[in-house]
Amino acid sequence: MRKIAKFLPAVLLTALCAGALFAAPKTDVYIGITSAGAKRLPVIAMPAFTSQDEAASAAQEVHDTLRADMLYGRYFEVSEDGPAYDAQNIKETISGWAKQRAAYLLVGDISYEQPYYTIKIYVYDVTTQAPVFAKAFKGNQASLRRLAHIAADQIIQTLTGRRGIADTKIAFANNSTRHKEIYVVDYDGQNLKKLTNDRSIALLPRWSKDGRIYYTTYRYKNPDIFAIDLKAGKIAPVIIRGGLSLIGGVSPDGKALVFTSSKGPNPSIYIYNLETGEKKQITNRQSVDGSPSYSPDGKYITFVSNRAGNPQIYVMELATGQTRPLTRTFNWSDSPQWSPTGEWIVFAGRESPYHPFDIFLVDLTGTQLRRLTTDAGSNEDPTWSPDGRFIAFTSTREGGKRKLYVMDADGSAPHLVADLPGETFTPHWSF
C-alpha cells in the first residue's frame, strides 16, 4: 500500500479513479556473505567440458551456464584451475583435483547428432572417487541454457539435499512499450520474453504451481483478472466486469485466487474458486483491504488494511476469520509476501512521509522486525525465491528508474537482475 491516494500497491484507489496503476517461529535468516573466519565452502571443480568439434560452442555454453548457476547458489566455491577432464583416465583426473583440495569434480561431455545435442554430466566425490551424479540431457540449440539450469538444480539437490533455483523465472510488469505489459525472465536475467500485448495496463503477475500466470489487466477497459497458460500459449479471462479486481495470489493447491474487489462499499478481499467460479468475501470492514497473499500451507493470508489508520500488515486465519496486526507504526505498508517456509513475511514499508520505501521482514508474532534495505532509493514489490534464500524487488537506487534487483534474504549482496528499458513493477518469482 501507499499513501491513501495510492492505496493497494499504488493501484487500488488510482484504479478506482481510472488513473495510472502501480502500484514463536524460527528466527534464522539465510546469510549470504561469508564473514571473516567463517568455514570455507567446499570446492567443486569444473574443468572444461569435452565435445565433438561440431559441439564445441554448445559445450562452452553449457559449462559457463552451469558454472554461473553453481556460483549463484553459493553452496560451493567453483574452481577451473586444475587438471583437464580425461574420461579415459578419470581416476587420474580426480587424483589431480584432490591435490587442489576439491571436494567434488563436475565434468561433462557434449555430442551432436542433428538436430539434437546430448549432454552427459557427471559429478564425482573426490575423496571416494565414486560417482554421485550421472545424467544425460537431450535437446536442441535453443534448449541448451534450460538444460544446464535443470542439471544445476539436480546437482544441488543431490549434493546438498536442498532445491536449486536455476530453472526458475521472475514475472513482472514493464512499461517500455508505453503500455504496461507482462514479461518473464530467467532468474539470472537472461531469456527475456514479453508475454502480453494488451496495449493497456497489465500488472501484478502471480505464478501458480502449475506454471500459469494470473494478472490484472485493463484489456477490456476494466481492471480484470486474466490467466496466461504458458504451455498452451494462450491468455484467457478469469474474472471480468466485476468492478476492480486486483490479483493477490494463488492458493498452494492451485484451486483458488485471493484478490481485492471494489464490488462492495469498500475495497475488500475475496477468494475465487477456480473450479466452481464461486466468490467468497472474507473481509468486510469500513476500511480499504488489499494486497493479499497465501501462506505456504494455504491456511492463512496476509494483507494490508488501513482499518487502524495508516496501512499496516495483517494476518488472517481463513478457517476462523481471526485477524491480527503484525505492524502498527508504519506510515505506509505494502505488498506483503509469505516466505516459502512460512516463518517470515517480507513487505515494503515507509516509516514516515519523508522516508522512501524500504524492504522489511516481520515474523508471525509481529515482535521481530528486520530492515533489509536503507538509503538506496525507493525499494518496493518484494518477492521470495522458491528456496527462501533470495528476494527480488524493484528499486530506484540507480538514476531514479525502477529496476529489477535481487538480494539475499538478509539484505546483503543486492544486484541488478536485468537493466531493461522502461520501468519495472510488481515482480513475482516462480515456484
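Structure: see above.
Starting afresh in each chain, residues are numbered from 1 along the sequence in its written order. Per-residue local features are limited, in this predicted model, to residues with pLDDT of at least 70; the limit for side-chain atom pairs, both in listing and counting, is 80 or more; totals at the level of whole chains, interfaces and linings are taken over all residues. The basis for every side-chain value is the complete set of non-hydrogen atoms in the structure, without hydrogens or water.

## A word on the packing of aromatic side chains
Consideration 1: Under the pairing criterion, centres of Phe, Tyr and Trp rings, with the six-membered ring standing for Trp, must be within 6.5 Å; the plane angle then separates stacked pairs below 30 degrees from edge-to-face pairs above 60, leaving the rest tilted. Tallied over the entire structure, the rule returns 14 aromatic pairs.
Consideration 2: For the ring pair Tyr 72 and Phe 390, a centre distance of 5.1 Å and an interplane angle of 50° mean the geometry is tilted. Of this pair, Tyr 72 sits in helix H2 (residues 56–73) while Phe 390 sits in strand S27 (residues 390–395), and the two are 318 residues apart along the sequence. Taken individually, Tyr 72 and Phe 390 each receive the classification buried, so the pair is uniform in this respect.
Consideration 3: On the numbers, 5.3 Å between centres and 85° between planes, the contact of Phe 330 with Phe 347 is edge-to-face. Of this pair, Phe 330 sits in the loop between strand S21 (323–325) and strand S22 (332–338) while Phe 347 sits in strand S23 (residues 344–350), and the two are 17 residues apart along the sequence.
Consideration 4: For the exposure calls, accessible area comes from a 1.4 Å probe over protein chains only, and a residue counts as buried if that area is under 20% of its type's maximum, exposed if over 50%, partly exposed in between. Using a relative accessible area of 0% as the deciding quantity, one classes Phe 347 as buried.
Consideration 5: The structure contains a cluster of three or more aromatic residues connected by ring pairs, namely Tyr 72, Tyr 187 and Phe 390.
Consideration 6: Positioned above the aromatic ring of Phe 431 is the side chain of Lys 209, whose terminal nitrogen or guanidinium carbon lies 5.7 Å from the ring centre. The secondary structure listing takes helices from DSSP runs of H or I that are at least 4 residues long and strands from runs of E that are at least 2 residues long, numbered from the N terminus. Whether a charge lies above a ring is judged from NZ of Lys or CZ of Arg, which has to be within 6 Å of the ring centre and within 35 degrees of the ring normal.

## Regarding the sheet that holds strand S9 (residues 193–194)
Consideration 1: Read across the open sheet, the 4 strands follow the order S9-S8-S7-S30; overall the sheet is antiparallel. In this open sheet, the two edge strands, each paired with only one partner strand, are S9 and strand S30 (424–429).
Consideration 2: A pair of strands counts as paired when DSSP detects no fewer than two bridges linking them. Bridge count for strand S7 (residues 169–174) against S30 is 4 bridges, and the pairing is antiparallel. Bridged to Ala 173 within S30 is Phe 425.

## Points about the pairing of strand S11 (residues 213–217)
Remember that side chains alternate between the two faces of the sheet whenever the strand is regular.
Consideration 1: Of all 5 residues that make up S11, 5 are buried, and the element is covered over most of its length.
Consideration 2: The side-chain alternation of S11 yields two buried faces, one formed by Ile 213, Tyr 215 and Thr 217 and the other by Tyr 214 and Thr 216.
Consideration 3: Judged from the 4 bridges that link them, strand S10 (residues 202–207) and S11 form a sheet pairing that is antiparallel. Looking at S11, one finds that Leu 203 is bridged to Thr 216.
Consideration 4: Hairpin geometry of S10 and S11 is characterised by an intervening segment of 5 residues between the two adjacent antiparallel strands and by a positive phi of about 95° at Gly 211.
Consideration 5: Note: S11 against strand S12 (residues 224–229), 5 bridges, orientation antiparallel. Paired with Thr 216 across the strands is Ile 225, a residue of S12.
Consideration 6: Taking the residues that link successive antiparallel strands as the turn, the S11-S12 hairpin has 6 residues, and the phi of Lys 221 there is positive, at about 70°.

## Section: empty space enclosed by the protein
Consideration 1: For the second largest cavity, the calculated volume is near 60 Å³.
Consideration 2: What lines the second largest cavity is a set of 14 residues, among which Gly 73, Ile 156, Gly 164, Ile 165 and Ala 166 lie closest to the centre.
Consideration 3: Elements with a contribution of two residues or more to the lining of the second largest cavity: H2 and helix H4 (144–160).
Consideration 4: The leading source of residues in the lining of the second largest cavity is H2, at 3 residues.
Consideration 5: Of the residues in the lining of the second largest cavity, the class split is 7 nonpolar, 2 polar and 5 charged. Cavities and pockets were defined on a 1 Å grid built from protein atoms only: a cavity is a group of points that admits a 1.4 Å probe but offers it no way out, a pocket is an open group of points flanked by protein on both sides within 12 Å along at least five of seven lines, and a lining residue is one with an atom within 4 Å of any such point. Grid points are joined across faces, edges and corners, and a volume is the space filled by probe spheres set on the points. Classification used: nonpolar for Ala, Val, Leu, Ile, Met, Phe, Trp, Tyr, Cys and Pro, charged for Asp, Glu, Lys and Arg, polar for all others including Gly.

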